[in-house]
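Commentary on secondary and tertiary structure
Listed below, chain by chain, are the residues.
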Amino acid sequence: MSFTTVLFIVTFLLLALSWSRDKQKTKKALKIAWKSFSNLLPTMLGIVGMMGLVLAVLPPEVIKTIFSDRSIPGLILVSLVGSITLMPAFVAFPLAGSLLKAGAGVTAVACFITTLMMVGIITAPAEIKYFGKPFTLSRNVLGFGFALVIGLLMGVLV
Amino acid sequence: MIMRVRKYALFLLVVLLDLGLHLSGSGKGAVAAQTGFDYLIEMLLFIPPIMVLVGLLDVWVPRHMVEKNVGQGSGLKGILISILVGSAAAGPLYAGFPVADAMLKKGCRLANAVIFLGTWATIKIPMIMMEVRFVGWKFALVRLALTLPAIITTGFVVEKFVENSNPPNRTGQQISAKAWETV
């Protein structure tokens, strides 16, 4: 059973429980849900569009080619690519696995995976909308810095 | 009207770029549009239930409960709860934004919200199982062990940074409440 299925079942059960307890509160909850959904939709459309664009211009085959450079600038490039690309785990981990098998360095792969997860340049518009610019900027910059540190340490430890 | 167009600015930019890519004749424009559409479908599958959960959280979870468990004085317990809840999550990081926002609105400490988002992004339990399968347990475990302190540090530094870049009377909750007004 996929995680989405579990999510739907849990949501549906909680909604049914809420409805049986208090219909007014449940209606209010659904109203809040709809409002936040319709508010996020325009930004979301932009974000999915950007994800499509980035993946068309930088497909996994192209991403693989940048892993051959093992210098520090090369590492920064790998982290930058990780920061702008957004891919689901079921694409990212097989890619990471094949990169390691193809001889890419542990440091580079760890930097890529960590920035992929922690830094989101494409999702920044949505993050700013919710939490503001100082929050988004500091969280992403720290994520980028830590990704490099984690990658370098992993190169020594793994 | 202008506000409405502004909301769709990023989307319009993407459409223009897709068109430009298409006209350049590389065939990548269609790929980009198709991939974007696939992601949209995927997103439409999990964003609605998450929004419903956020709505339910808003009406059922009392403010004092959030404050007590992950609020200002929650300390180590608050950090642990944020990590536990974040690691049980589903979906990519941006699905966590509305949830963290709802928590902030209810009195969650800013650092804990960042820790929650960081855990959501990097150490979701279903994702770890996939990671172990493809890159091996050693890579996965060492990455986890190094990522956790990074996430916690990020939480407190972001909190400090946000506090310093805002007038002193504006805390995390008020920033979030303001974001909510634009809804």
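It should be emphasised that the depicted structure is a prediction, and the values quoted were computed from it without experimental measurement. (Residues numbered from 1 in each chain as written. Chains lettered and ligands numbered in written order. Predicted model: local features only at pLDDT ≥ 70, side-chain atom pairs only at ≥ 80, totals over all residues. Heavy atoms only, no water.)

**Digging into the domain arrangement of chain A**
- Domain annotation for chain A reports domain 1 (1–41) and domain 2 (58–157).
- For domain 1 of chain A versus domain 2 of chain A, the distance between C-alpha centres works out to 33 Å. (Domains from an automatic or database assignment.)

**Regarding the domain arrangement of chain B**
Residue and element names in this part refer to chain B.
- Partitioning chain B into structural domains gives domain 1 (1–60) and domain 2 (62–183).
- Summing both partners gives a buried area of about 900 Å² for domain 1 against domain 2, and 75% of it is carried by carbon and sulfur.
- Between the two partners, domain 1 and domain 2, sit two salt bridges.
- A salt bridge links K105 to D58; its shortest N-O distance comes to 3.3 Å.
- There are two residue pairs in polar contact (both at pLDDT 80 or more) connecting domain 1 and domain 2.
- Classifying every residue of the side of domain 1 that touches domain 2 by side-chain character gives eight nonpolar, no polar and one charged. (Buried area = accessible area lost by both parts, 1.4 Å probe. Salt bridge = Lys/Arg side-chain N within 4 Å of Asp/Glu carboxyl O. Polar contact = N/O pair within 3.5 Å; in protein donor to acceptor, adjacent residues only side chain to side chain. Nonpolar A, V, L, I, M, F, W, Y, C, P; charged D, E, K, R; others polar.)

**Some points on the interface of chain A and chain B**
- Each partner contributes residues to the interface: chain A has 71 residues there, and chain B has 73 residues.
- Summed over both partners, the interface of chain A with chain B buries about 6,700 Å², with 84% contributed by carbon and sulfur atoms.
- Area buried by chain A at its contact with chain B is led by F93, Y130 and F131 of chain A, which between them contribute 10% of it.
- Between chain A and chain B we count zero salt bridges in total.
- Per-element tally for the side of chain A that touches chain B: the top contributor is helix α2 (residues 23–57) of chain A, with 26 residues.
- Residue composition of the side of chain A that touches chain B, grouped by class: 50 nonpolar, 13 polar and eight charged. (Contact = heavy atoms within 4.5 Å. Helix = DSSP H or I, 4+ residues; strand = E, 2+ residues; numbered from the N terminus.)

**Observations regarding a positive patch on the surface**
- A contiguous patch of positive charge, built from K23, K27, K31 and K35 of chain A, is present on the exposed surface.
- In this structure, K23 of chain A sits in helix α2. (Patch = residues over 30% accessible without salt bridge, like charges linked within 9 Å, V, L, I, M, F, W, Y side chains within 5 Å. Areas by Shrake-Rupley, 256 points an atom, 1.4 Å probe, with all protein chains shown as cover. Lys, Arg positive; Asp, Glu negative; His and termini not counted. Charge placed at Lys NZ, Arg CZ, Asp CG, Glu CD.)

**Observations regarding the nonpolar core**
Residues and elements named next belong to chain A.
- F67 and F112 are the most contacted members of the largest nonpolar core, which totals 92 residues.
- The dominant element in this core, judged by the number of residues it contributes, is α2, at 12 residues.
- Apart from the residues within four sequence positions on either side, F112 is in contact with I63, F67, V78, V81, G82, T85, M87 and L95. (Core = buried A, V, L, I, M, F, W, Y, C linked by side-chain atoms within 4.5 Å. Buried < 20%, exposed > 50% of the residue type's maximum accessible area, 1.4 Å probe, protein only.)

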